[in-house]
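Single-letter residue listing:
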Amino acid sequence: MVHDSVTRNDLKILGTSSSVGGYFKDVKVTGECKFTGDVDCLKFSQTGEIKVDGNLRLQHMKITGECEVKGRIDGASLRGQGQLTAGGGLRIDDIKLTGGIMVTGDCEAEELQLTGIIEVSGLLNAGKLELGLFGPCRADAVGGSSISIKRSRTGALLRPGQGKKMSFQARLIEGDQIELQSTQAQTVRGGRVIIGTGCEIDTVEYRDTLEIHKSATVRNPVKLLR
C-alpha cells in the first residue's frame, strides 16, 4: 500500500495552495489544496476542500470537508465528516464516516459504517456493512457477511417529510445476515434475511430464515435447498 523505502517528509498547508503530489509522511491541509499528481502518505488529515488529480494511497485518513480524487483511493482507515469522491474505485479497510461516499467503480472495506449517502457504480463489498440512510443511495451490487441498511433516525428528525427520499437501490444484495429498510432491489440472497419497513424486493432467496414486515413487498420468496 505504501512504499517505506522512500524518504518521506511532512506536508502542512494552511490556506489555498497546490502541490504536485509525491511521497509524504503526514499530510495536513487546513483550507483548499489541489494535488496535480499521485499522493502517497502515511497519514492524511484535512479540514476544507481537497482535489487529487491522480491516485491517493495512505494508511490513515481523517476528513472534515470534501475530498475529490480522480483516481483510486487505497488505505487502512477513514474517519470523519464530509464527502469523499473516488473516480477509480476505493479500498479502505475500516471506514466510519458521517456524510457521503461517491465511487465510480467498486467500493471495498472490511468494515464500513456510514451515516449519510452512498453511491457506488460497481460492487459495494464489506465484511460488515452498516448504512444509516440520510437520502437517496444506490449501488449496482452489494456483498458482505453482515449487511444492515436502515433509515437514519437523525436524518428523519432533521429532514421531516423527506422519508421517501431516504432509500437504497441495488440490483443484487448478497450476504450471510441481511437486514434491510427502505430498500429497492431485484434480488436479495442470504442466510438469515429480514426485510423491514419500506422495502420493495422482486426476489428473496434465503437459506435459513426470512422475516418480512407487513409494510414491505416481496414478490417472490424462495427457500434455497442446502
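Residues numbered from 1 in each chain as written. Predicted model: local features only at pLDDT ≥ 70, side-chain atom pairs only at ≥ 80, totals over all residues. Heavy atoms only, no water.

Within an unreviewed UniProt entry, the label attached to the protein chain reads Cell shape determination protein CcmA, and the organism entered is Paenibacillus phytohabitans.

Peer 1: How do you make sense of the state of the cysteines when you look at a structure like this?
Peer 2: Working definition: the covalent bond between the sulfur atoms of two cysteines is a disulfide. With the rule as written, the count across this model stands at zero disulfides. Here cysteine 67 is not cross-linked by a disulfide; its sulfur's nearest cysteine counterpart is in cysteine 41, at 10.0 Å. Of the residues examined, cysteine 67 reaches a relative accessible area of 1% and is grouped as buried. Residue cysteine 137 stays outside any disulfide, its sulfur separated by 12 Å from that of cysteine 107, the closest cysteine. Overall, the relative accessible area of 3% leaves cysteine 137 in the buried class. (Disulfide = S-S within 2.5 Å. Buried < 20%, exposed > 50% of the residue type's maximum accessible area, 1.4 Å probe, protein only.)

Peer 1: Help me understand the pattern of salt bridges, please; the structure alone is not making it clear to me.
Peer 2: Once the charged atoms of two side chains with opposite charge are near each other, the side chains can pair. In this structure the tally under the stated criterion is 18 salt bridges. With a shortest N-O distance of 3.0 Å, aspartate 40 and arginine 8 are connected by a salt bridge. Linking aspartate 40 in strand β3 (residues 39–52) with arginine 8 in the segment before β1 (9–19), this pair joins segments that are 32 residues apart in sequence. For the pair aspartate 40 and arginine 8, a shared accessibility class is recorded, and that class is buried. Glutamate 130 serves as the salt-bridge partner of lysine 128, at 3.4 Å between the closest nitrogen and oxygen. Residue lysine 128 is classed as partly exposed on the basis of its relative accessible area, which comes to 35%. (Salt bridge = Lys/Arg side-chain N within 4 Å of Asp/Glu carboxyl O. Helix = DSSP H or I, 4+ residues; strand = E, 2+ residues; numbered from the N terminus.)

Peer 1: What's the story with the side chain of glutamine 46 in this structure? I'm lost.
Peer 2: Relative to the helices and strands, glutamine 46 resides in strand β3. Among the polar contacts made by the side chain of glutamine 46, one reaches the main-chain carbonyl oxygen of glycine 48 at a distance of 3.1 Å. Setting aside chain neighbours within four positions, we find glutamine 46 in contact with Val29, Lys62, Ile63, Thr64, Gly65, Glu66 and Cys67. (Polar contact = N/O pair within 3.5 Å; in protein donor to acceptor, adjacent residues only side chain to side chain. Contact = heavy atoms within 4.5 Å.)

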